[in-house]
Amino acid sequence: MTMSPSVPDDDRPPPARFAFDRWTWKEIAYLLANLPMAIAGFVYTVFLIGVGAGLSVTVIGLPLLALGLQGARGLGRAERGRARAMLGLRIEEPSPMPRGRRTGGFFAWLWAGLKDPVGWRALLYSFMRLPWGVATFAVTLASLFVLWPVLPYIARALTNADRAMARALLSPSDELERRIAELESDRGVVVDTAAADLRRIERDLHDGAQARLVALAMGLGLAKEKLTDDPEAAARMVDEAHGEVKVALQELRDLARGIHPAVLTDRGLDAALSAIASRCTVPVTVSVQLTGRPAEAIEGIAYFTVSELLQNVSKHSRARTASVDVWRSGDRLMLQVRDDGTGGARLDGGTGMSGLAERLGAVDGLFVVDSPEGGPTTVTAELPWRDSIAATAKHAEPA
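Reading the values: rules and limits
- Residues numbered from 1 in each chain as written.
- Predicted model: local features only at pLDDT ≥ 70, side-chain atom pairs only at ≥ 80, totals over all residues.
- Heavy atoms only, no water.
- Helix = DSSP H or I, 4+ residues; strand = E, 2+ residues; numbered from the N terminus.
- Buried < 20%, exposed > 50% of the residue type's maximum accessible area, 1.4 Å probe, protein only.
- Contact = heavy atoms within 4.5 Å.
- Areas by Shrake-Rupley, 256 points an atom, 1.4 Å probe, with all protein chains shown as cover.
- Core = buried A, V, L, I, M, F, W, Y, C linked by side-chain atoms within 4.5 Å.
- pLDDT = per-residue confidence, 0-100.
- Axes fitted to C-alpha atoms, helices over the stretch in contact; angles between N-to-C directions.
- Parallel < 35°, antiparallel > 145°, perpendicular 65-115°, else oblique.
- Left-handed = near helix turned anticlockwise from the far one by under 90°.
- Nonpolar A, V, L, I, M, F, W, Y, C, P; charged D, E, K, R; others polar.
- Pairing = 2+ DSSP bridges.
- Expected span 1.5 Å × (residues − 1).
- Arc of directions from axis to C-beta.
- Salt bridge = Lys/Arg side-chain N within 4 Å of Asp/Glu carboxyl O.

(A) Structural view of the overall build of the chain. Summing up its helical and strand segments, the chain has 13 helices and five strands in all. A burial count over the chain gives 36% of its 399 residues as buried. For the chain, long-range pairs separated by at least 24 residues make up 73% of all intrachain contacts whose partners lie at least 6 apart in sequence. For the chain, the accessible surface area stands at approximately 22,700 Å², while carbon and sulfur atoms represent 63% of it.

What follows is the structure in structure tokens.
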């Protein structure tokens, strides 16, 4: 969950006042509990670092340190719970240790544990808290007897510093947590898309070319049997088999084009998109302004994105004209497909738009549909630009 750096309105306690209300007593209790919690955390941190570093030359030092960092996660969890209960501070729990690394063997677990940022930040928090815990305990206890009329304001000031420290060191890293969640989601999308493509290829082979080749083999077998008894019938059967071979070859070409078209590999996006546009039922203008070629994976995604969008134009748009524009903007490959049709296209409209959005999202791309009722429709897609292997190798060659 992405967390805002600013404090939400409902995360703030009511303003401090001279009266000792429920919030004031909670904050006083929190400040008095700082000392024992700080002592426990400081002792744990010093013992762990001292023993772990001292025994790092032995076989048990680093595993002990990794286990200690997991224990530090527990200390951080306890401090977050205390802050939530007594200060009303909303702090999300960080992501747990990845399951894959837990089951990837001893060394994978050891490496993941040693570089766990959540554990190290919890240790840093525990180490810093001792002088602060002593100071807040002393000030709060003295103020209960000497400065009790203004103690609510003192408690609020001290706990605000506590809130800031907890947010800084015990909150999950917004960007890191967001990227982890996105990458986990994108990995699932990539796996599902690859599985769906494999099923489609298998189905097309089974229902198309394979069935024709089976029929061709049977026809040639019958022609072989009739070759001596009825040469004319055998010749007709061979002619039919020849026609079946042509159809099977065409189906295989179409299937290969669906996997990765040869024109895209040989001539790039400009020629490949022009070939797609020529098969569209609507006149399409293609403009490709690229000085180089992107990586093959990005080029393939761009090709199939435009192909799917032009199929939608042919089937659903009722357009008279359409256009495809491709250009590079910084480190992004930009695609834009427009048509003057009736509009109304949506990501959840059942025209494959949601699948395109997921496929682009899996590679850090963007997919935006602007299609008001009555038209026109403009679909903009962004993909990260990565140079092709050939271009990279060319730049890497010595002069």
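Next comes the rest of the write-up.
(B) Quick look at the nonpolar core. Ranked by internal contacts, the top residues of the largest apolar core, which has 33 residues, are L269, L273, V324, L333, F367 and L383. Ranked by the residues each element gives to this core, the list is headed by helix α11 (residues 296–317), at eight residues. In contact with L333, other than residues within four places in its own chain, are L269, L290, P294, I298, A302, V326, W327, A381, E382, L383 and W385. In this structure, Y30, L87, L89 and L170 belong to the second largest nonpolar core, which totals eleven residues.

(C) Quick peek at the confidence of the model for the chain. The pLDDT averaged across the chain works out to 77; a share of 75% of its residues lies at or above 70. The low-confidence segment residues 1–10 (pLDDT under 50) makes ten contacts with residues lying over four places distant or belonging to another chain.

(D) Here's a closer look at the packing of helix α2 (residues 61–87) against helix α6 (residues 151–170). It is the contact of α2 with α6, at a shortest axis distance of 11 Å, that shows an interaxial angle of 140°. Comparing their axes, α6 and α2 come out oblique. Regarding α2 and α6, the two cross each other, and that crossing is left-handed. Contacts between α2 and α6 involve G76, E79, R80 and L87 from the former and T159, D162, R163 and L170 from the latter. Residues that form the contact of α2 with α6 fall into these classes: two nonpolar, two polar and four charged.

(E) The arrangement of the packing of α2 against helix α5 (residues 117–145) in detail. For the pair α2 and α5, the least separation of the axes is 8 Å and the interaxial angle reads 65°. Relative to α5, the element α2 lies roughly perpendicular. Between α2 and α5 the crossing geometry is left-handed. Packed against α2, whose contacting residues are L65, L69, A72, R73, L75, G76, E79 and R82, the element α5 presents V118, G119, W120, A122, L123, Y125, S126 and R129 at the interface. Its residues assigned to classes, the contact of α2 with α5 shows nine nonpolar, three polar and four charged.

(F) Representation of the side chain of N34. Relative to the helices and strands, N34 is located in helix α1 (residues 22–54). Among all residues touching N34, those that are not within four sequence positions of it are R82, R129, W132, G133, T136 and D162.

(G) Representation of the sheet that holds strand β1 (residues 284–289) in the model. Taken together, five strands build an open sheet; the order of strands is β1-β2-β3-β5-β4 and the sheet is mixed. Because the sheet does not close on itself, it has two edges, and the strands there are β1 and β4 (366–370). The average undirected angle you get between the axes of adjacent strands in this sheet is 10°. As paired strands, strand β2 (residues 322–329) and strand β3 (residues 332–339) are joined by eight bridges and run antiparallel to one another. Residue V324 lies in a different strand from β3, and its bridge partner there is V337.

(H) Seen up close, α6. Here α6 is 20 residues long and its end C-alpha atoms lie 27 Å apart, about the 28 Å a rise of 1.5 Å per residue gives. Every buried residue belonging to α6 is among L151, P152, A155, R156, L158, T159, D162, R163, M165, A166, L169 and L170, and all of these are buried. Looking at the buried side of α6, the elements it contacts are α1, α2 and α5.

(I) The arrangement of helix α12 (residues 353–361) in detail. Those residues of α12 that sit buried are M353, L356 and L360. Buried residues of α12 fall within an arc of 60° about the axis and therefore sit on the same side. Tucked into the core, α12 has its buried residues touching α11, β4 and β5 (377–384).

(J) Representation of the pattern of salt bridges in the model. Evaluation of the coordinates by the stated rule reveals nine salt bridges. The partner of R129 in a salt bridge is D162, with the nearest N and O atoms 2.4 Å apart. On the criterion of sequence distance, the pair formed by R129 in helix α5 and D162 in helix α6 is long-range, its members being 33 residues apart. The pair formed by R129 and D162 is uniform in burial state, with each residue classed as buried. A salt bridge links R332 to E382; the nearest nitrogen and oxygen atoms lie 3.2 Å apart.

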